[in-house]
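Residues per chain are reported as follows:
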Amino acid sequence: MADKKAARLPRKTYEKELLRQQTELVKLQEWVRASGTRLVVVFEGRDAAGKGGTIKRVAEHLNPRVARIAALPKPTERERSQWYFQRYVEHLPAAGEIVLFDRSWYNRAGVEHVMGFCTKEEHQLFLRQCPIFERMLVEAGVQLRKYWFSVSDTEQQERFRRRLEDPLRRWKLSPMDLESITHWEAYSRAKDEMLVHTDISEAPWYVVESDDKRRARLNMIAHLLSSVPYREVPPPVLELPERPPSTGYQRPPRDLQTYVPDHAASL
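Okay, so let's go over this structure. (Residues numbered from 1 in each chain as written. Predicted model: local features only at pLDDT ≥ 70, side-chain atom pairs only at ≥ 80, totals over all residues. Heavy atoms only, no water.)

Here's the deal with the overall build of the protein chain
Okay, step 1: Counting its regular elements, the protein chain contains 11 helices and 5 strands.
Okay, step 2: For the protein chain, the spread of C-alpha atoms along the principal axes amounts to about 75 × 50 × 45 Å.
Okay, step 3: Relative to its 267 residues, the protein chain shows a buried fraction of 39%.
Okay, step 4: Put simply, 80% of the contacts in the protein chain that link residues at least 6 apart link residues at least 24 apart.
Okay, step 5: Here the protein chain displays about 16,600 Å² of accessible surface, and carbon together with sulfur accounts for 55% of that area.
Okay, step 6: Mean positive and mean negative side-chain charge positions of the protein chain (44 and 38 charges, respectively) differ by 3 Å. (Helix = DSSP H or I, 4+ residues; strand = E, 2+ residues; numbered from the N terminus. Buried < 20%, exposed > 50% of the residue type's maximum accessible area, 1.4 Å probe, protein only. Contact = heavy atoms within 4.5 Å. Areas by Shrake-Rupley, 256 points an atom, 1.4 Å probe, with all protein chains shown as cover. Lys, Arg positive; Asp, Glu negative; His and termini not counted. Charge placed at Lys NZ, Arg CZ, Asp CG, Glu CD.)

Some details on the sheet that holds strand S3 (residues 97-102)
Okay, step 1: Taking strand neighbours across the sheet as the criterion, the 5 strands line up as S2-S3-S1-S4-S5 in an open arrangement whose pairing is parallel. At either margin of the open sheet sits one strand with a lone partner, and together these are strand S2 (67-70) and strand S5 (205-209). Mean inter-strand twist for the sheet, computed between neighbouring axes without regard to direction, equals 20 degrees. (Pairing = 2+ DSSP bridges. Axes fitted to C-alpha atoms, helices over the stretch in contact; angles between N-to-C directions.)

Some points on the packing of aromatic side chains
Aromatic rings considered in pairs are described by the distance between their centres and by the relative angle of their planes.
Okay, step 1: Counting across every chain of the model gives 18 aromatic pairs.
Okay, step 2: Taking 6.1 Å as the distance between ring centres and 85 degrees as the angle between the ring planes, the aromatic pair formed by Tyr 88 and Trp 105 counts as edge-to-face. On the criterion of sequence distance, the pair formed by Tyr 88 in helix H5 (residues 86-89) and Trp 105 in the loop between S3 and helix H6 (111-114) is long-range, its members being 17 residues apart.
Okay, step 3: Between Trp 105 and Tyr 106, the ring centres sit 6.3 Å apart and the planes meet at 40 degrees, which makes this aromatic pair tilted.
Okay, step 4: Members of the aromatic cluster, each reached through a chain of ring pairs, are Trp 83, Tyr 84, Phe 85, Tyr 88, Phe 101, Trp 105, Tyr 106, Phe 126, Phe 133, Trp 148 and Trp 205.
Okay, step 5: We note Arg 87 situated over the ring of Tyr 88; from NZ or CZ to the ring centre the distance is 5.3 Å.
Okay, step 6: Here the guanidinium or amino end of Arg 254 rests over the ring plane of Tyr 259, the centre of that ring lying 4.4 Å away. (Phe/Tyr/Trp six-rings, centres within 6.5 Å; stacked < 30°, edge-to-face > 60°. Lys NZ or Arg CZ within 6 Å of the ring centre and 35° of its normal.)

A look at the packing of helix H2 (residues 11-35) against helix H11 (residues 213-227)
Okay, step 1: Where H2 contacts H11, the two axes come as close as 10 Å, and the packing angle between them is 25 degrees. Comparing the axis directions of H2 and H11 gives the class roughly parallel. Crossing hand, H2 versus H11: left-handed. Across from Arg 11, Tyr 14, Glu 17, Leu 18, Gln 21, Glu 24, Leu 25 and Leu 28 in H2, the residues of H11 making contact are Arg 214, Arg 217, Leu 218, Ile 221, Ala 222, Leu 224 and Leu 225.
Okay, step 2: Of the residues contributing to the contact of H2 with H11, the split by class is 9 nonpolar, 1 polar and 5 charged. (Parallel < 35°, antiparallel > 145°, perpendicular 65-115°, else oblique. Left-handed = near helix turned anticlockwise from the far one by under 90°. Nonpolar A, V, L, I, M, F, W, Y, C, P; charged D, E, K, R; others polar.)

Notes on the nonpolar core
Nonpolar side chains in soluble globular proteins generally cluster together in the buried interior.
Okay, step 1: Among the nonpolar cores identified, the biggest contains 30 residues, and Leu 25, Leu 28, Val 41, Leu 100 and Met 220 are the most heavily contacted of them.
Okay, step 2: Those elements that provide at least two residues to this core are H2, strand S1 (38-45), helix H3 (51-59), S3, strand S4 (142-150) and H11.
Okay, step 3: When neighbours within four sequence positions are excluded, Val 41 is seen to be in contact with Val 99, Leu 100, Phe 101, Arg 145, Tyr 147, Met 220 and Leu 224.
Okay, step 4: Membership of the second largest hydrophobic core comes to 25 residues, among which are Leu 72, Leu 92, Phe 126 and Trp 205. (Core = buried A, V, L, I, M, F, W, Y, C linked by side-chain atoms within 4.5 Å.)

Thoughts on unusual backbone geometry
Okay, step 1: Backbone geometry places Ala 48, a non-glycine residue, at a positive phi of 70 degrees.
Okay, step 2: Mapped onto the elements of the fold, Ala 48 is located in the loop between S1 and H3.
Okay, step 3: For Ala 48, a relative accessible area of 5% gives the class buried.
Okay, step 4: Phi angles above zero are rare outside glycine, and Arg 103 is one such case at about 70 degrees.

Bear in mind that shape data such as this cannot, by itself, settle questions of function.
Next comes the structure, spelled out in structure tokens:
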């Protein structure tokens with residue numbers, strides 16, 4: 001563990017490169033919008049593998065009307081009666097949109113399978129249908145990228161411990177997350193089986209080593225940028241207009257409105 005910590009990417013190097021990549025992501029976004037491209041990025045991996053933090057950095061400077069995050073809750077009773085992929089189809093992008101799936105239809109290959117939330121027959125049906133479903137997306141013109149964030153058992157345990165002790169991140173932990181520690185090998189087998197069936201040429205899996213979160217974020221974003229044939233779209237020419245002269249408007253007295261107390265003044 002000490003060697004891994006010593007090899008972690010320095011913060012200054014990370015922040016400089018992240019800013020450069022986020023600038024490129026804005027260019028990618030504008031190309032997607034202008035070209036009518038539909039881009040889907042799937043983020044999968046174990047609990048505390050770094051998916052959420054990476055998604056946050058990808059979306060940080062993007063237009064939420066163009067790039068949105070899909071993080072679906074537990075299915076409702078009605079959704080459980082639907083074709084499995086149906087509720088995910090609703091969140092797929094239209095022309096000129098990007099969707100970042102914070103977990104996706106691969107829930108069935110992982111947590112649902114390991115924790116017994118689906119039957120063996122439903123799991124096997126998923127493994128048969130998923131490649132067909134994804135080929136249909138690609139054939140329809142969707143750009144599909146799938147990233148698996150790989151974290152070691154010791155690093156996952158440490159991240160869980162830090163979350164337990166941090167009131168700002170405590171919400172990230174659930175009893176299900178902690179139970180995953182006792183099912184480490186079962187999740188490993190489920191992931192291996194998933195890759196065998198769904199690592200297809202039309203939509204391959206890309207594994208991101210994520211014990212070092214900084215490296216993982218930069219590596220994932222760099223790969224995404226290199227895999228999409230975007231180009232810089234010239235922005236529209238905008239000019240700041242001159243403010244017109246006053247026509248006599250007078251602001252109402254301040255005491256007629258209720259203002260937020262100046263808490264900052266007490267600091």
